[in-house]
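Each chain is listed here by its residues.
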Amino acid sequence: MPPTSSDVPAASDAPQLWHHPDFRRLWLGQTASQLGEHATLVVLPLFAVLTLDVGADQLGVLRAVGQAPVLLLSLLVGAWVDRWRTRTVMVWADAGRALVLGAAAVLALCGGLGLPALLVAAFAVGALSVFFDVAYQSSLVRLVRRDQLVRGNSALEGSRSAAQIGGPALGGTLMSQLSVPVAAVCSALFFVLSFLSIRRIRRDEPVQERSARPARTGRRIVEGLRFVAAGPLRAVCLASAAFQFFFAAMLTVYLLFLPRELHVTGAVVGLVLAATGPGALLGSVLAARLPGRFGHGPVLVTAAALGDGVLLCVPALHGSSALTLAALLAVNFVFGTFGQLVNVTVTAVRQALTPAGTQGRAAATITFVGMGMAPLGSLLGGFLAQEWGLRTALLVTAAGMLLSPVLMAASPLARLGRVLEAPAQSA
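Some details on the overall build of the protein chain
Inference 1: Each helix and strand in the protein chain was counted, giving 18 helices and zero strands.
Inference 2: Partitioning the intrachain contacts of the protein chain with sequence separation of at least 6 by distance along the chain shows that 90% fall at a separation of at least 24.
Inference 3: Just so you have it, the protein chain exposes about 17100 Å², and 67% of that area is on carbon and sulfur atoms.

Thoughts on helix α4 (residues 86-109)
Inference 1: For α4, built from 24 residues, the straight-helix expectation of 34 Å at 1.5 Å per residue is met to within 8% by its first-to-last C-alpha distance of 35 Å.
Inference 2: Phi for Gly 111, located one or two positions after α4, is positive at around 75 degrees.

Points about a positive patch on the surface
Inference 1: The grouping of Arg 24, Arg 199, Arg 200 and Arg 202 at the surface amounts to a positive patch.
Inference 2: The class of Arg 199 is partly exposed, set by a relative accessible area of 47%.

A word on the packing of helix α11 (residues 276-287) against helix α14 (residues 322-352)
Inference 1: Packing of α11 against α14 brings their axes to within 7 Å, and their N-to-C directions diverge by 40 degrees. Here α11 is positioned oblique relative to α14, judged by the angle of their axes. For α11 against α14, the interelement crossing comes out right-handed. Residues Thr 276, Pro 278, Gly 279, Ala 280, Leu 282, Gly 283, Ser 284, Leu 286 and Ala 287 of α11 touch α14, and the partners they reach there are Asn 332, Phe 333, Gly 336, Thr 337, Gln 340, Leu 341, Val 344 and Thr 345.
Inference 2: When the residues that make up the contact of α11 with α14 are grouped by side-chain class, the tally is eight nonpolar, nine polar and no charged.

Notes on the side chain of Thr 365
Inference 1: Within the secondary structure layout, Thr 365 lies in helix α15 (residues 359-370).
Inference 2: Apart from residues lying up to four places away in sequence, Thr 365 is in contact with Leu 75, Gly 224, Leu 225, Val 228 and Cys 237.

Describing unusual backbone geometry
Inference 1: Although it is not a glycine, Asp 53 adopts a positive phi angle of roughly 55 degrees.
Inference 2: For Asp 53, the position within the fold is in the loop between α2 (21-50) and α3 (56-81).
Inference 3: We classify Asp 53 as exposed; its relative accessible area is 56%.
Inference 4: In this structure, His 263 is a non-glycine residue whose phi angle is positive, near 60 degrees.
Inference 5: Examined against the element boundaries, His 263 turns out to sit in the loop between α9 (233-260) and α10 (266-274).

Comments concerning the packing of aromatic side chains
Inference 1: Across all of its chains, the model carries four aromatic pairs by this definition.
Inference 2: Taking the centre distance of 5.0 Å and the plane angle of 85 degrees together, the rings of Phe 245 and Phe 246 count as edge-to-face. Of the two residues, Phe 245 and Phe 246, both sit in the buried class.
Inference 3: The rings of Phe 243, Phe 247 and Phe 335 are connected pair by pair, giving a single aromatic cluster.

Points about the environment of Leu 75
Inference 1: On the secondary structure map, Leu 75 appears in helix α3.
Inference 2: Taking the C-alpha atoms as reference, Leu 75 lies 6.1 Å from Ile 221; in sequence the two are 146 residues apart.

What about helix α7 (residues 180-198)?
Inference 1: Along its 19 residues, α7 runs 28 Å from first to last C-alpha, staying within 8% of the 27 Å computed at 1.5 Å per residue.
Inference 2: Every buried residue belonging to α7 is among Val 180, Pro 181, Ala 183, Ala 184, Ser 187, Ala 188, Phe 191, Ser 194, Ser 197 and Ile 198, and all of these are buried.

Concerning the packing of helix α16 (residues 374-388) against helix α17 (residues 390-400)
Inference 1: Relative to each other, α16 and α17 sit at 140 degrees, their axes nearing to 7 Å. The pairing of α16 with α17 is recorded here as oblique in orientation. When you trace α16 past α17, the crossing you get is right-handed. From α16, Leu 384, Ala 385 and Trp 388 reach across to α17, where they touch Leu 390, Thr 392, Ala 393, Val 396 and Thr 397.
Inference 2: Residues belonging to the contact of α16 with α17 are distributed by class as follows: six nonpolar, two polar and no charged.

Concerning the side chain of Arg 350
Inference 1: Following the sequence through the fold, Arg 350 ends up in helix α14.
Inference 2: When its relative accessible area of 4% is taken as the criterion, Arg 350 is described as buried.
Inference 3: Setting aside residues up to four positions removed in sequence, Arg 350 forms contacts with Gln 137, Leu 233, Gln 359, Ala 363 and Ile 366.

Reading guide: rules and limits
- Residues numbered from 1 in each chain as written.
- Predicted model: local features only at pLDDT ≥ 70, side-chain atom pairs only at ≥ 80, totals over all residues.
- Heavy atoms only, no water.
- Helix = DSSP H or I, 4+ residues; strand = E, 2+ residues; numbered from the N terminus.
- Contact = heavy atoms within 4.5 Å.
- Areas by Shrake-Rupley, 256 points an atom, 1.4 Å probe, with all protein chains shown as cover.
- Expected span 1.5 Å × (residues − 1).
- Patch = residues over 30% accessible without salt bridge, like charges linked within 9 Å, V, L, I, M, F, W, Y side chains within 5 Å.
- Salt bridge = Lys/Arg side-chain N within 4 Å of Asp/Glu carboxyl O.
- Lys, Arg positive; Asp, Glu negative; His and termini not counted.
- Charge placed at Lys NZ, Arg CZ, Asp CG, Glu CD.
- Buried < 20%, exposed > 50% of the residue type's maximum accessible area, 1.4 Å probe, protein only.
- Axes fitted to C-alpha atoms, helices over the stretch in contact; angles between N-to-C directions.
- Parallel < 35°, antiparallel > 145°, perpendicular 65-115°, else oblique.
- Left-handed = near helix turned anticlockwise from the far one by under 90°.
- Nonpolar A, V, L, I, M, F, W, Y, C, P; charged D, E, K, R; others polar.
- Phe/Tyr/Trp six-rings, centres within 6.5 Å; stacked < 30°, edge-to-face > 60°.

Set out below in structure tokens:
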């Protein structure tokens, strides 16, 4: 149950929520952490492509290794986080990721940052990110009242979605403008900032007793799986799985397509990825207005179709002319806009339809099924690029992303209206 004591603001409007110091610390910490995480997801692969000159299959393996902890750990972490203090989990995850990237920077300075070390660093950062991501998605429910969740979630998920889209742009810019050690240190500094902010949260969290036998963890995981599979979140789960699978495949090919097929420089790659940032800002504005006007379901389906569909334009581009650059910037701006709109809206749907005591497990289950498909998608992207060529592989993977809005349109999710009903409380 959410806390109700007097140190939580009495009103649910946005200004008073922002006056809550612990909410501000959580927002700043998770924003910095998400930027560091998603910048790292590009810094390491770009180093492999531009410095180590890895092949498409090796890049697919590297990305898959970094994403594998989602598949391996999400369900366990979801069950554990419902019984731990989220502040503690997030702080230790931030500290661990900062140390891993610091070690990678030292190895790069010494000339020892080869593919094996990159694989270890990618897996370690990915594992710690699973702990942080599941914990922060449960933290707001323990910090504020339920009637403040919509606005609080909008702020947190807005910054998270912007980081998911803008973080890769930041990573590309760091790699194009700085040396590898400095880029790794810059990413680590975001985790340090998150650590310093989140550890200042003073709110005591209500957590469940840990006296249950170890077998209880398995039962709690099953409860989370059943909750998602039997309710309206099932469509969210399936659509997320389809998107993450094909997006991971597409991005693996995309990171090869730009420098090797269009012959653009690392700086241009960073600039192109950065175009998603302004789009994400626009998407945040739209997410605060459109679902309440047109309904959450119609907004989700339409935004997903437009955001994913625009990527089909990229395989048609040739050369590195100014027109090609302008087209890439426009495509990424549109993708950023509608991708942000989908991310914020679908997370608001998940939190609004999930009881407080099930938040961690519901988030982890969707992450497990959705993001758990990313390693397989990365491997597929590398395989298709190697066997079919970059242009054909990019077209196929971009087209596959449209399966996500199709699944949403065919489900009850498409009929969600302007107001989301509160769930019954879990036992």
